[in-house]
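Spelled out, the chains give:
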Amino acid sequence: MKINHHLDDATLVSYSAGALSQGMALVVASHLAICPECQRRNEQTDAIGGALLDDLVDDSAVDDKIDDGMLNDLLAKLDEEPEVTTAAPWPKTDIPRPLAEYVGANLERVEWKRIVPGVYFHELPFGNGGVSRLLRIAPGKTILPHSHEGNELTLILRGSFSDELGRFAAGDVADLDDQVEHQPLVDSSEDCICLVATDAPLRFTTWFGRLVQPITGF
Amino acid sequence: MKNSPPGDDVENLASLKPPRASEDWTEMLALMAETRDKSLYVDLFRHFAPRVKAYVLRLGVVPSAAEEVTQEIMLAVWRKAHLFNAAKAAASTWIFTLARNQSIDWMRSQKYPQYEFDDQKPETSEAASVPSAGEAEVLSDRMAAAIKTLPENQAQVIFMSFFEGRSHGEIANRLDIPLGSVKSRLRLASEKLRTLWGDAV
């Protein structure tokens, strides 16, 4: 899989920091699972956390004292057999594993709800303000033009779309912020399926979009 | 003799603890994974447990739970040690990711999405042996030094992200600057750290 669009540095830093919403972290983890280049960059942003952790000492502002009680408790537990976590062999699938944990390994089995003809969604179980869902859009369909209050992350799982920023195909991630207004158009011959997360509600830029937003949420 | 250099006094040598060079932690963790030597675990615990607890508290785990969460993290250090890959991360970095994930799991009651370590299991033989003396650890020291050279406004957004778990939008509100400025500061910081850190990579 040739990946042309990658995660923004600012997004990777926040992912490493644990500062992304669940929905956005899921898009990042799913892209990382299939993108060696971003994995390498993620190792670097994780190392920021490692260095900061190592530096966290002698700070009288926090009560970070540890007594030997904890150590003794732990030493007593070290010989206990941990629950064995032999990872089952993972089926070959076009769903990255972090996402498959929520929707299963087969895109054909996902249950879709229709928004308008040709546009379907599947909501993910993260209730924290932003959007987190799978979208399935038929060839030739377009999403109404919109911009964002915050960030919008989209990972393409199947098919492709084009917008003002270029062409996005399976594996690519569109990492956009509030400076971008765009109108993605599906240009593949099959449905385009993507995972989308935002950290704030979208802002539609046409009266029609604003009219249907309460219904579509997107 | 009053002026003899330290360490010259042979009789006291046994009582002198050799200074623990920082690159030891990564090697030690890899060795512990291989040998399951508990005395190595004790050393790692004494170094990292207080840091982990300080981190857990900063990220927002309530003080009454911080001990318990810290204990879970330090237990994971032992139990998941076989997943540690010294070619990819310093001990501090690996333990940081365990601490982050466990803290978030606790705070959100939901697993922080991550690509599993076993998605990219080390290519057997090479990684199974103890790595060439802590390259990742050297890089980690270099990262610590690099962070200290960041301009204050970049260091600030890094700290707010890593120690307070704030999103771009929350930082923007807090500092009363546009979202775009938060992101460009994070990008600049990340780029700078990568340059300073990654020369040897």
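Residues numbered from 1 in each chain as written. Chains lettered and ligands numbered in written order. Predicted model: local features only at pLDDT ≥ 70, side-chain atom pairs only at ≥ 80, totals over all residues.

Engineer: Talk me through the overall build of chain A; I want residue IDs and the actual numbers.
Structural biologist: A count of helices and strands for chain A gives six helices and 11 strands. Counting over 218 residues, chain A shows a buried share of 45%. Sequence separation of at least 24 residues holds for 71% of the intrachain contacts in chain A that already meet a minimum separation of 6. (Helix = DSSP H or I, 4+ residues; strand = E, 2+ residues; numbered from the N terminus. Buried ≥ 20, exposed ≤ 12 C-beta atoms within 10 Å, placed from the backbone. Contact = placed C-beta atoms within 7 Å.)

Engineer: Tell me about the overall build of chain B, residues and numbers included.
Structural biologist: When its secondary structure is counted, chain B shows nine helices and zero strands. In sequence order, the secondary structure elements of chain B are arranged as α-α-α-α-α-α-α-α-α. Across the 201 residues of chain B, 41% fall into the buried class. If you take every contact in chain B between residues at least 6 apart in sequence, the share linking residues at least 24 apart comes to 67%.

Engineer: I'd like to hear about the pairing of strand β2 (residues 119-123) of chain A, residue by residue, with values.
Structural biologist: Residue and element names in this part refer to chain A. Both strand β1 (residues 113-116) and β2 contribute to a ladder of three bridges, which runs antiparallel. Residue pairing across strands places Val116 opposite Val119, the latter belonging to β2. From the end of β1 to the start of β2, which pair antiparallel, there are two residues, and Gly118 there has a positive phi angle of about 90°. Note: β2 against strand β3 (residues 132-137), five bridges, orientation antiparallel. Bridge pairing in β3 links His122 to Leu134. (Pairing = 2+ DSSP bridges.)

Engineer: I'd like to hear about the packing of helix α4 (residues 68-77) of chain A against helix α3 (residues 63-79) of chain B, residue by residue, with values.
Structural biologist: Between α4 of chain A and α3 of chain B, whose axes approach to 10 Å, the crossing angle comes to 40°. By the angle class used here, α4 of chain A and α3 of chain B are oblique. For the pair α4 of chain A and α3 of chain B, the crossing hand works out as right-handed. Across the interface between the two elements, Met70, Asp73, Leu74 and Lys77 of chain A of α4 of chain A pack against Glu67, Gln71, Met74 and Leu75 of chain B of α3 of chain B. Residues belonging to the contact of α4 of chain A with α3 of chain B are distributed by class as follows: four nonpolar, one polar and three charged. (Axes fitted to C-alpha atoms, helices over the stretch in contact; angles between N-to-C directions. Parallel < 35°, antiparallel > 145°, perpendicular 65-115°, else oblique. Left-handed = near helix turned anticlockwise from the far one by under 90°. Nonpolar A, V, L, I, M, F, W, Y, C, P; charged D, E, K, R; others polar.)

Engineer: Explain the nonpolar core to me, using residue names and the numbers behind them.
Structural biologist: Within the largest apolar cluster, 107 residues are counted, with the highest numbers of intra-cluster contacts made by Ile95 and Met143 of chain B. Broken down by element, this core gets its largest block of residues, 11 residues, from helix α2 (residues 38-59) of chain B. When residues no more than four places from it in sequence are discounted, the contact partners of Ile95 of chain B are Leu53 of chain A together with Phe48, Val52 and Val77 of chain B. (Core = buried A, V, L, I, M, F, W, Y, C linked by C-beta atoms within 7 Å.)

Engineer: Pulling in residues and values, what's your account of the sheet that holds strand β7 (residues 166-169) of chain A?
Structural biologist: Residues and elements named next belong to chain A. With respect to topology, three strands assemble into an open sheet ordered β7-β6-β9, the strand pairing being antiparallel. Edge strands, defined here as strands with exactly one partner in the open sheet, are β7 and β9 (185-186). Taken together, the four bridges between strand β6 (residues 160-163) and β7 define a ladder with antiparallel strand orientation. From the neighbouring strand, Asp163 faces β7, where its bridge partner is Gly166.

Engineer: So what's going on with the interface of chain A and chain B? Residues and values would help.
Structural biologist: Residue-level contacts link 54 residues of chain A with 64 residues of chain B. Among the elements that line the side of chain A that touches chain B, the one with the most residues is helix α3 (residues 36-54) of chain A, at 13 residues.

Engineer: I'd like a rundown of the sheet that holds β2 of chain A, residues and numbers included.
Structural biologist: Residue and element names in this part refer to chain A. The strand order across the open sheet built from six strands is β1-β2-β3-β10-β5-β8, with neighbouring strands paired in antiparallel fashion. Each edge of the open sheet carries a strand with a single partner, namely β1 and β8 (173-176). Between one strand axis and the next, the sheet turns through 25° on average, direction left out of account.

Engineer: Before we move on, could you go through the packing of helix α1 (residues 24-35) of chain B against α2 of chain B and cite the residues and values that matter?
Structural biologist: Two quantities define a packed helix pair, namely the angle between the axes and the distance from one axis to the other. Residue and element names in this part refer to chain B. Interhelical geometry of α1 versus α2 gives an angle of 140° and a closest axis separation of 9 Å. Taken as axis vectors, α1 and α2 run oblique relative to one another. Once α1 is placed against α2, the crossing between them reads as left-handed. Residues Trp25, Met28, Leu29, Leu31 and Met32 of α1 lie in contact with α2, whose contacting residues are Leu40, Tyr41, Asp43, Leu44 and His47. For the contact of α1 with α2, the class distribution of residues is eight nonpolar, one polar and one charged.

Engineer: A description of unusual backbone geometry should follow, citing residues and the corresponding values.
Structural biologist: Residue and element names in this part refer to chain B. For Arg36, which is not a glycine, the phi torsion comes out positive at approximately 55°. Within the secondary structure layout, Arg36 lies in the loop between α1 and α2. One non-glycine residue, Asp176, lies in positive phi territory at about 55°. Structurally, Asp176 is set in the loop between α8 (168-175) and α9 (179-198).

Engineer: Just give me the short version of the pairing of β6 of chain A, but keep the residues and values in it.
Structural biologist: Residues and elements named next belong to chain A. Connecting β6 to the antiparallel partner β7 that follows it, the hairpin turn spans two residues. Where β6 lies against β9, two bridges are found, and the strand directions are antiparallel. Bridge assignment links Ser162 to a residue of β9, and that residue is Leu185.

Engineer: Kindly report on α3 of chain A, identifying the contributing residues and their values.
Structural biologist: Spanning 19 residues, α3 of chain A covers 27 Å between terminal C-alpha atoms, matching the ideal 27 Å at 1.5 Å per step. A large share of α3 of chain A lies buried, amounting to 14 of its 19 residues. (Expected span 1.5 Å × (residues − 1).)

Engineer: Can you lay out helix α7 (residues 152-164) of chain B for me, pointing to particular residues and giving the numbers?
Structural biologist: Residues and elements named next belong to chain B. Across its 13 residues, α7 extends 17 Å between first and last C-alpha, which sits within 8% of the 18 Å expected from 1.5 Å per residue. Of all the residues in α7, the buried ones are Gln154, Val157, Ile158, Met160, Ser161 and Phe162. Positioned one or two residues after α7, Gly165 has a phi angle of 65°, which is positive.

Engineer: Tell me what's going on with the confidence of the model for chain B, and back it up with residues and numbers.
Structural biologist: All names here are of chain B. Per-residue confidence for chain B gives a mean pLDDT of 82; residues scoring 70 or more make up 78%. The low-confidence segment residues 1-19, where pLDDT is below 50, has three contacts with residues more than four positions distant or belonging to other chains. The low-confidence segment residues 117-131, where pLDDT is below 50, has 18 contacts with residues more than four positions distant or belonging to other chains. (pLDDT = per-residue confidence, 0-100.)

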